[in-house]
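Residue strings, one per chain:
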Amino acid sequence: MAIVRWNPGRELVNFPTDILGMQREINRMFDDFFRTDRDESSLLARDWKPAADIVEEDEAYVAKVELPGVKKDDVKITMQDNVLTIRGEKKEEKKGKEGGAHRVERYYGSFQRSFSLPSSVKSNGIEAEYKEGILTITMPKAEEARPKQIEVRVK
Amino acid sequence: MTNNKEIAVTHGSSEPVTRPEGREDQYLPPLADIYETQDAYVIMLDMPGAQKESIRVRLERGNLTVSAPAIGRAHQPGTVLHEETRGTGFSRAFSLGEGIDLKNVDAHFQDGVLTIKLFKNEELKPHEISIR
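Everything numeric in this text was worked out from a predicted model, so none of it was measured.

**Student:** Talk me through the overall build of chain A; I want residue IDs and the actual numbers.
**Tutor:** Scanning chain A from N- to C-terminus turns up 1 helix and 9 strands. N-terminal to C-terminal, the α/β element order of chain A is β-α-β-β-β-β-β-β-β-β. Out of the 155 residues in chain A, the part that is buried amounts to 40%. For chain A, the accessible area works out to roughly 9,900 Å², and carbon and sulfur atoms hold 52% of it.

Here you go:
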């Protein structure tokens, strides 16, 4: 039996590994660099900036925020001066991980996102729902912001 | 550290939102954590917007593949003012080493997180070696 020189690089490939290994890892690094759910100013700190989409409907603004693994009681939504703020925290479950982590890509810790909306919303009509890791916030527009149809009489 | 930057969302008419190229059928790899317990390897995958019924977990020739469309992410009719999510679904593959009991794999989905538990074979579990 030949003696094989120990290659520390091999240790980087952990037990359940990505099928494309190193190549995928490099692609992911590039991908991560351009990810939108990361604060550009601090690549190393890995600030968590959950991805959000905002859609305008006739009667309401609808925001969808990706918060996988977050408990709904750990999310706080506020609306002030047309600025929607979502903040919260994802706690890392430590128990049962005594064998150590092979890979940690998911985000943990606290986050905060703020969006200023183009027009005022009804402060008492805002509703939020958390389902399958997505927080959906429906904000009905205030009367004056809704599209109005005005009939103009021709003389 | 939290991000206090505020994003001003403008009306759709004044600033058209450009959709990422090929968004319609792009399946991107979900972020994953892999950790080890005494008797299993556990893979946790962030798959927000996936529906339990449409997630496919396949074991084939030592490969574990996971895929699902992100249905819950789809927009209602309206004007997209701001868009950060990418892709229309999730897809990722892992190659499994020796020592995993392929007949004993457990998967469950909660709060947008898919947790797959791959139990170790007897020979991979920690055991004491007696000294002669």
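Still to come is the rest of the account.
**Student:** Explain the pattern of salt bridges residue by residue, including any values.
**Tutor:** The final tally for this structure, using the stated rule, is 12 salt bridges over all chains. Notably, a salt bridge pairs Lys90(A) with Asp46(B), separated by 4.0 Å at the nearest N-O pair. Pair noted here: Lys90(A) is in strand S5 (residues 83-90) and Asp46(B) is in strand S4 (residues 40-46), and the two residues belong to different chains. Residue Lys90(A) is classed as buried on the basis of its relative accessible area, which comes to 3%. Residue Lys120(B) is joined to Glu36(B) by a salt bridge in which the shortest nitrogen-to-oxygen separation is 2.9 Å. Placement of Lys120(B) in strand S10 (residues 113-120) and of Glu36(B) in strand S3 (residues 32-36) is noted, with a sequence separation of 84 residues between them. Just as Lys120(B) is buried, Glu36(B) falls in that class too.

**Student:** Before we move on, could you go through the packing of aromatic side chains and cite the residues and values that matter?
**Tutor:** Residues and elements named next belong to chain A. Enumeration over the complete set of coordinates arrives at 2 aromatic pairs over all chains. With 4.8 Å between their ring centres and 70° between their planes, Trp-48 and Phe-111 make a pair best called edge-to-face. One end of the pair, Trp-48, is in the loop between helix H1 (21-34) and strand S2 (52-56); the other, Phe-111, is in strand S7 (residues 109-116), with 63 residues separating them in the sequence. Given a relative accessible area of 5%, Trp-48 falls into the buried group. On the accessibility criterion, Phe-111 (2% relative accessible area) is buried. Positioned above the aromatic ring of Tyr-108 is the side chain of Lys-90, whose terminal nitrogen or guanidinium carbon lies 5.3 Å from the ring centre.

**Student:** Can you tell me about the sheet that holds S2(A), naming the residues and giving the values?
**Tutor:** Read across the sheet, 5 strands follow the order S8(A)-S9(A)-S3(A)-S2(A)-S7(B) without closing on themselves; strand pairing throughout is antiparallel. Edge positions in the sheet fall to strand S8 (127-131) of chain A together with strand S7 (79-83) of chain B, since each has one partner strand and no second. Between one strand axis and the next, the sheet turns by 15° as a mean value, whatever way the strands run. Where strand S3 (residues 60-66) of chain A lies against strand S9 (residues 134-140) of chain A, 7 bridges are found, and the strand directions are antiparallel. Residue pairing for S9(A): Val62(A) is matched across the bridge by Thr138(A).

**Student:** Hey, could you go over the confidence of the model for chain A for me, with residue numbers and the actual values?
**Tutor:** For chain A, the average pLDDT comes to 78, and 68% of its residues sit at 70 or higher. Note on residues 7-15 of chain A: pLDDT is under 50 here. Beyond four places in sequence and across chains, it has 9 contacts.

**Student:** Please give an account of the sheet that holds S4(B) that cites residues and values.
**Tutor:** Strand order in this open sheet of 5 strands is S6(A)-S3(B)-S4(B)-S10(B)-S9(B), and the pairing throughout is antiparallel. With partners counted over all chains shown, the strands left at the sheet margins are strand S6 (101-104) of chain A together with strand S9 (100-110) of chain B, one partner each. Direction aside, neighbouring strands of the sheet carry axes that sit 15° apart on average. As defined by bridge partners, S4(B) adjoins S10(B) across 7 bridges and the pair is classed as antiparallel. Across the sheet, residue Ala40(B) finds its bridge partner in S10(B), namely Phe119(B).

**Student:** Provide a residue-level description of the nonpolar core, including the pertinent values.
**Tutor:** The biggest cluster of nonpolar side chains holds 22 residues, and the ones touching the most others in it are Leu67(A), Val70(A), Leu84(A), Ile86(A), Leu135(A), Ile137(A) and Met139(A). Contributing elements (two or more residues each) for this core: S2, S3, S5, S7 and S9 of chain A. Within the second largest apolar cluster, 20 residues are counted, among which are Met47(B), Ala70(B), Leu96(B) and Leu118(B).

**Student:** How would you explain the environment of Ala60(A) if you had to name every residue and give the values?
**Tutor:** Residues and elements named next belong to chain A. The topology assignment puts Ala-60 in strand S3. Assessed through its relative accessible area of 7%, Ala-60 is described here as buried. The residues touching Ala-60, leaving out its near neighbours within four places in the chain, are Val-55, Thr-138, Met-139, Pro-140 and Lys-141.

**Student:** Explain unusual backbone geometry to me, using residue names and the numbers behind them.
**Tutor:** The phi torsion at Asn82(A) lies on the positive side, around 65°, for a residue other than glycine. Mapped onto the fold, Asn82(A) is located in the loop between strand S4 (75-80) and S5. The phi dihedral of Arg61(B) falls on the positive side, at around 45°, and the residue is not glycine. Position of Arg61(B) among the secondary structure elements: in the loop between strand S5 (56-60) and strand S6 (63-69).

The rules behind each value
- Residues numbered from 1 in each chain as written.
- Chains lettered and ligands numbered in written order.
- Predicted model: local features only at pLDDT ≥ 70, side-chain atom pairs only at ≥ 80, totals over all residues.
- Heavy atoms only, no water.
- Helix = DSSP H or I, 4+ residues; strand = E, 2+ residues; numbered from the N terminus.
- Buried < 20%, exposed > 50% of the residue type's maximum accessible area, 1.4 Å probe, protein only.
- Areas by Shrake-Rupley, 256 points an atom, 1.4 Å probe, with all protein chains shown as cover.
- Salt bridge = Lys/Arg side-chain N within 4 Å of Asp/Glu carboxyl O.
- Phe/Tyr/Trp six-rings, centres within 6.5 Å; stacked < 30°, edge-to-face > 60°.
- Lys NZ or Arg CZ within 6 Å of the ring centre and 35° of its normal.
- Pairing = 2+ DSSP bridges.
- Axes fitted to C-alpha atoms, helices over the stretch in contact; angles between N-to-C directions.
- pLDDT = per-residue confidence, 0-100.
- Contact = heavy atoms within 4.5 Å.
- Core = buried A, V, L, I, M, F, W, Y, C linked by side-chain atoms within 4.5 Å.

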